[in-house]
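# Per-entry structural report
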2 protein chains.
Amino acid sequence: MSWMDAVIWNEHELVPAIAQDAASMRVLTLAWMNREALARTVATRQAHYWSRSRAKLWHKGELSGHVQRVLEIRLDCDNDAILLIVEQEGGISCHTGHGRCFFQRLENGAWHDVEPVLKDPKAIYGDG
Amino acid sequence: MSWMDAVIWNEHELVPAIAQDAASMRVLTLAWMNREALARTVATRQAHYWSRSRAKLWHKGELSGHVQRVLEIRLDCDNDAILLIVEQEGGISCHTGHGRCFFQRLENGAWHDVEPVLKDPKAIYGDG
């Protein structure tokens, strides 16, 4: 597929993918895709990534239910970064229970959590 | 500096940095920072990156005048991605003359340019 080959994959065969909330316009997450993740994202219109920590394909929300419905898929000028415009199920995109992953802000020489935990991760994923 | 050491740098001693426009909320660019780029960004409140293609520190806008004034610096939950909230001088963040780098959208199995070139790159950078 030529649109797939147009993407510049890095030395690990991955590309960074930003997810932005369509309604609030907030940047939710930065994750990574391989070819299979991008193909499944396009086919299902739900965000799929490559989990580097678990070294496996990751259907975002598969455990939490917090899927990302994909409205738009964008590529940058040099073809090595992807932007997804999504609807975030449950309003929570972060495994910490924050609404999004970018909840730390640099202030006075330190990173501060400046957004609330909306749901206890134990309630999202269970205790196990 | 502990806030600098809190960042997880990749095997190339880089971290991806998203720039988002404070006014329009559009995602403008994804670039990369090393420690010096982040330190200069914090010190000057203008975005600095590491240019991987030129292998040098890059003060965004140094040639074009299209600097990014940094209002907020955010870090994600696992400390390996940065989000800058910026004011984009000139309303152009992309070297192609588009307003931002994410101007290609996947439609019907192909990437389409869906945003206009606002200024001819030759007018931005000169004929070279």
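Everything numeric here is computed off the predicted structure, so don't read it as measured data. (Residues numbered from 1 in each chain as written. Chains lettered and ligands numbered in written order. Predicted model: local features only at pLDDT ≥ 70, side-chain atom pairs only at ≥ 80, totals over all residues. Heavy atoms only, no water.)

## A look at the relation of the copies chain B and chain A
Spelled out, the test is: What sets the superposition is a least-squares fit of C-alpha atoms, and only residues with pLDDT of at least 70 in both copies go into it. By the convention used here, residues are in contact when the closest approach between their heavy atoms is within 4.5 Å.
Aligned on chain A, chain B shows an RMSD of 0.0 Å; the corresponding rotation is 180 degrees and the shift along the axis is 0.0 Å. Here the two chains are linked by the operation of a two-fold rotation axis. When C-alpha distances to the rotation axis are compared across chain B, the minimum falls at B:M25, with a value of 3.0 Å. Residue by residue, 100% of the interface of chain B is reproduced at the interface of chain A, so both copies engage with the same surface.

## Brief notes about the sheet that holds strand 1 (residues 15-21) of chain B
In plain terms, the rule: A pair of strands is labelled paired if DSSP reports no fewer than 2 bridges between them. Only DSSP runs of H or I with at least four residues qualify as helices, and only runs of E with at least two residues qualify as strands; both kinds are numbered from the N terminus onward. Here an axis means a line fitted to C-alpha atoms, over the contact stretch when the element is a helix, while the angle between two N-to-C directions is reported on a 0 to 180 degree scale.
Ordered by their spatial adjacency, six strands build an open sheet running 8(A)-7(A)-5(B)-6(B)-1(B)-2(B), and the pairing between neighbours is mixed. Of all the strands in the sheet, just strand 8 (110-113) of chain A together with strand 2 (27-33) of chain B have a single pairing partner and so form its edges. Pairwise comparison of adjacent strand axes, ignoring direction, gives a mean angle of 35 degrees for this sheet. Here strand 7 (residues 104-107) of chain A runs beside strand 5 (residues 68-75) of chain B; their pairing, made up of two bridges, is antiparallel. Opposite A:Q104, over in strand 5 of chain B, you have B:L75 as the bridge partner. Running over the sheet, helix 2 (residues 35-44) of chain B touches strand 7 of chain A together with strand 2, strand 5 and strand 6 (82-88) of chain B and is turned about 125 degrees from strand 2 of chain B.

## With respect to the packing of aromatic side chains
For clarity, the threshold we go by: Centres within 6.5 Å are what make two rings of Phe, Tyr or Trp a pair, Trp counting through its six-membered ring; a difference in plane orientation under 30 degrees is then read as stacked, over 60 as edge-to-face, and the rest as tilted. Relative accessibility decides the category of a residue: with a 1.4 Å probe and only protein chains considered, values under 20% of the type maximum give buried, values over 50% give exposed, and everything between is partly exposed.
Here the structure, examined in full by the defined rule, presents five aromatic pairs over all chains. For the ring pair A:W3 and B:W111, a centre distance of 6.5 Å and an interplane angle of 65 degrees mean the geometry is edge-to-face. Taken together, the residues span two chains, with A:W3 in helix 1 (residues 2-5) and B:W111 in strand 8 (residues 110-113). Of the two residues, A:W3 and B:W111, both sit in the buried class. Relative to B:W32, the ring of A:W32 lies with its centre 6.3 Å away and its plane at 45 degrees, an arrangement referred to as tilted. In this pair, A:W32 sits in strand 2 (residues 27-33) while B:W32 sits in strand 2, so the two residues belong to two different chains. B:W32 sits in the buried class, given a relative accessible area of 9%.

## Things to note about the sheet that holds strand 1 (residues 15-21) of chain A
Across the sheet, six strands lie side by side as 2(A)-1(A)-6(A)-5(A)-7(B)-8(B); this open sheet has mixed pairing. Edge strands, defined here as strands with exactly one partner in the open sheet, are strand 2 of chain A together with strand 8 of chain B. Sheet twist, expressed as the mean angle between neighbouring strand axes with direction ignored, is 35 degrees. With five bridges connecting them, strand 1 of chain A and strand 6 (residues 82-88) of chain A associate as parallel partners. Along strand 6 of chain A, the bridge assignment pairs A:D21 with A:V86. Packing against the sheet, helix 2 (residues 35-44) of chain A makes contact with strand 2, strand 5 (68-75) and strand 6 of chain A together with strand 7 (104-107) of chain B, and its axis sits at approximately 125 degrees to strand 2 of chain A.

## Some remarks on the confidence of the model for chain A
Threshold: By definition, pLDDT measures how confident the predictor is in each residue, and it falls between 0 and 100.
Here chain A shows a mean pLDDT of 96. Residues at 70 or above account for 98%. Here the predicted complex carries an ipTM of 0.96, next to a pTM of 0.96.

## Description of the side chain of A:D21
Residues and elements named next belong to chain A. The test is simple: The charge count includes Lys and Arg as positive and Asp and Glu as negative, but it does not include His or the ends of the chains. A side-chain nitrogen of Lys or Arg and a carboxyl oxygen of Asp or Glu constitute a salt bridge if their distance falls within 4 Å. Pairs of N or O atoms within 3.5 Å make up the polar contacts considered here, provided that, within protein, one atom can donate a hydrogen while the other can accept it, and that residues adjacent in sequence are counted only when both atoms are side-chain atoms.
By the element assignment, D21 lies in strand 1. Within the buried core, D21 has no salt-bridge partner, and the shortest N-O distance to an opposite charge, that of R26, equals 6.5 Å. Here the side chain of D21 touches A23 through a polar contact of 3.0 Å, landing on its backbone nitrogen. Within the structure, D21 has its side chain in polar contact with the backbone nitrogen of S24 (distance 2.7 Å). With near-sequence residues (within four places) excluded, D21 lies in contact with R26, L28, V86 and Q88.

## Considering unusual backbone geometry
Residues and elements named next belong to chain B. The backbone phi angle of N79 is positive, close to 65 degrees, even though this residue is not glycine. Residue position: N79 is located in the loop between strand 5 and strand 6. A relative accessible area of 17% places N79 in the buried class.

## Brief notes about the interface of chain B and chain A
Applicable threshold: Throughout, the accessible surface (probe 1.4 Å) given up by two parts as they are put together, summed over both, is called the buried area.
At the interface, 42 residues of chain B touch 42 residues of chain A. Broken down residue by residue, the surface that chain B buries against chain A is led by B:R74, B:F102 and B:W111, which jointly contribute 20%. Between chain B and chain A we count six salt bridges in total. One salt bridge connects A:R52 with B:D80, and the closest N-O pair in it is separated by 3.0 Å.

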